[in-house]
Number of protein chains: 2
Amino acid sequence: MQERHDGRLQPRHAGTGSNGKNGACLQRLQPRETLFIDGERAHSVFRVRSGLVMTYRLLSDGRRQIHSFARTGDFLTLGTGDLYTVSAEAITESSVEVFRRGKLDNILREDSVFGRQLIQRLTHELSVAREQAAMLGRKSAMERIASFLVFLDRRGDRTPDELIAIPMTRNDIADYLGLTLETVSRMIHRLKALGLIDLPRPDRFRVLCPPELAEAAGEGLWQPRLDSDQGEPDWEFH
Amino acid sequence: MQERHDGRLQPRHAGTGSNGKNGACLQRLQPRETLFIDGERAHSVFRVRSGLVMTYRLLSDGRRQIHSFARTGDFLTLGTGDLYTVSAEAITESSVEVFRRGKLDNILREDSVFGRQLIQRLTHELSVAREQAAMLGRKSAMERIASFLVFLDRRGDRTPDELIAIPMTRNDIADYLGLTLETVSRMIHRLKALGLIDLPRPDRFRVLCPPELAEAAGEGLWQPRLDSDQGEPDWEFH
DNA sequence: CGGCTAGTTGAGCTAGATCAACATTCGTGG
DNA sequence: CCACGAATGTTGATCTAGCTCAACTAGCCG
């Protein structure tokens, strides 16, 4: 049993922020600040404006499974359940748009285009969630790490020097991939030793051999989570 | 690496069946018959009328992750992607309603109630998929088996003698829980030895100690997949 | 009966977890 | 500026849950 994601920074609940455009509220988050919690009444829908926010669930004894790392443009909650089914916490300093849920039903009733786009997104989320299940259920540690790096690489958050940032901790990666932080560290360094990646600092890397890394990732599955890059027109709450 | 779900019964593609009510087609499936395959163009939506059908994905080397066991009333596909993102195969002799996808967009455009119900279902599916991810990523073999038996128990397919049927093979269970069939067998028998369940035959069991079994399941998470029991009114294609 | 499939059980083996140092970065205060 | 401590990351040594391999059993069907 493990329970290593400590609460060193007291996960205080984020307060309400200033008003943004769109009638929607904009909320700022410090690193490790909690936005909402699994089981709470779902009063709002959130979209990331800047930074990186993760969603996760906890087992009763504190084991954690991270479900997604959401970037600018990604939604943190979708769908129409009464309660949140995951918790959300900022990884870096972030800001999120907040849309009150009250409006949602009305919008859905009136705007069928909006509804169809929501269905599209949910469909995609579901596919991504199953991708992750296949990875957690059937891939080796090495394949998971390679998959994860391919995923980061394809997302393409490149720093000026052509490197890819790794903004989350080893612990976060471990809880996303169903491993321990030690194993995450070891496997990353094994890929480096194999010459498939460059790792000048712990939180920066570059893929040296895309095809071989993809090969190591187990392939066949794992369509990366490109969410916001779907080319699909942005949709807004009115 | 493992690849134990053999193709002993050649997974021939199911042919088109007879016409049912509703304008929809009804299709019969033999055990181990494949209904559709991951990556195929998604021309239809399916709902189980009788029997048990599973959905799954394969990694390129044949490792399998089963995502759901769908009973009467459950949908096999939801959402509006162009391609199926899972494969589906009958476990027992089954029949499924087939709704051509062509109609779907029109229905969604015209019937906002239908669209909202679809969103509800997708939302629930997504929550279930994340439940499974948490299990695969963070639960022990024992907890997974206990969770699975609790899930079967709560679904409540009781035989006349108050036993619960286990219609899928050990191999199927293993590929659902991310384990091997041997481990599945061992853990089930350990639960029996502990007196938490009765297992008069390999494919029949009874929960003797619901609270202790739930305890062994790791609790806290794992809301069972009650899909069809939501009390929510059935929705039909017109 | 004999062959086939599913299930059980035992005996190792190993990938990954656990435990334990140690290294590095970073922020804080003197 | 440096010293110090806290947080994060790396690495080694060991342990073990679950996998692998293998034998055996129990139904089932022709």
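For the structure itself, look to the data block above.
Here the structure is a predicted model, which means the values were calculated and not measured.

Right, let's get into the protein's contact with DNA strand C. Contacts to DNA strand C come from 17 residues, most closely from Ala-141, Thr-183 and Arg-186 of chain A together with Arg-170 and His-189 of chain B. Counting only atoms of DNA strand C within 4 Å of the protein, the sugar-phosphate share comes to 69%. Interatomic distance of 3.1 Å between a side-chain N/O atom of Thr-180 of chain A and a phosphate oxygen of DNA strand C. For the surface near DNA strand C, the secondary structure elements donating two or more residues are helix H5 (181-193) of chain A together with helix H5 (181-193) of chain B. Residue contributions to the surface near DNA strand C peak at four residues, all from H5 of chain B. Residues belonging to the surface near DNA strand C are distributed by class as follows: four nonpolar, seven polar and six charged.

The next subject is empty space enclosed by the protein. Applying the stated rule across the entire model yields eight cavities of 30 Å³ or more. Taken as a whole, the largest cavity spans an internal volume of roughly 60 Å³. For the largest cavity, the full set of lining residues is Leu-108, Ser-112, Gly-115 and Arg-116 of chain A together with Leu-108, Ser-112, Gly-115, Arg-116 and Ile-119 of chain B. Mapped by element, the contributors of at least two residues to the lining of the largest cavity are helix H2 (112-138) of chain A together with helix H2 (112-138) of chain B. The element contributing the most residues to the lining of the largest cavity is H2 of chain B, with four residues.

Moving on, we get to the packing of aromatic side chains. Residues and elements named next belong to chain A. This structure, assessed with the given rule, holds 16 aromatic pairs over all chains. Plain terms: the ring middles of Phe-151 and Tyr-176 are 6.4 Å apart, the flat faces sit at 25 degrees to each other, and that makes the pair stacked. Here Phe-151, found in helix H3 (residues 141-155), pairs with Tyr-176, found in helix H4 (residues 170-177); they are 25 residues apart in sequence, far enough to count as distant. Taking relative accessible area as the criterion, Phe-151 reaches 0% and is therefore assigned buried. A relative accessible area of 3% means that Tyr-176 is categorised as buried. One aromatic cluster is present, built from ring pairs that chain together Phe-69, Phe-148, Phe-151 and Tyr-176. Just above the ring of Tyr-56 sits the side chain of Arg-64; from NZ or CZ to the centre is 6.0 Å.

Taken together, 17 residues are adjacent to DNA strand D, and Arg-170 and His-189 of chain A together with Ala-141, Thr-183 and Arg-186 of chain B come closest. Within 4 Å of the protein, the contacting atoms of DNA strand D are 71% sugar and phosphate, with bases supplying the remainder. Contacts to DNA strand D include Arg-170 of chain A, whose side-chain N or O atom sits 2.7 Å from a phosphate oxygen. Among the secondary structure elements, those contributing two or more residues to the surface near DNA strand D are H5 of chain A together with H5 of chain B. It is H5 of chain A that contributes the most residues to the surface near DNA strand D, four residues altogether. For the surface near DNA strand D, a count of residues per class yields four nonpolar, seven polar and six charged.

Rules used throughout
- Residues numbered from 1 in each chain as written.
- Chains lettered and ligands numbered in written order.
- Predicted model: local features only at pLDDT ≥ 70, side-chain atom pairs only at ≥ 80, totals over all residues.
- Heavy atoms only, no water.
- Near = heavy atom within 4 Å.
- Polar contact = N/O pair within 3.5 Å; in protein donor to acceptor, adjacent residues only side chain to side chain.
- Helix = DSSP H or I, 4+ residues; strand = E, 2+ residues; numbered from the N terminus.
- Nonpolar A, V, L, I, M, F, W, Y, C, P; charged D, E, K, R; others polar.
- 1 Å grid on protein atoms, 1.4 Å probe; cavity = no way out; pocket = protein on both sides within 12 Å on 5 of 7 lines; lining within 4 Å.
- Points joined across faces, edges and corners; volume = space filled by probe spheres on them.
- Phe/Tyr/Trp six-rings, centres within 6.5 Å; stacked < 30°, edge-to-face > 60°.
- Buried < 20%, exposed > 50% of the residue type's maximum accessible area, 1.4 Å probe, protein only.
- Lys NZ or Arg CZ within 6 Å of the ring centre and 35° of its normal.

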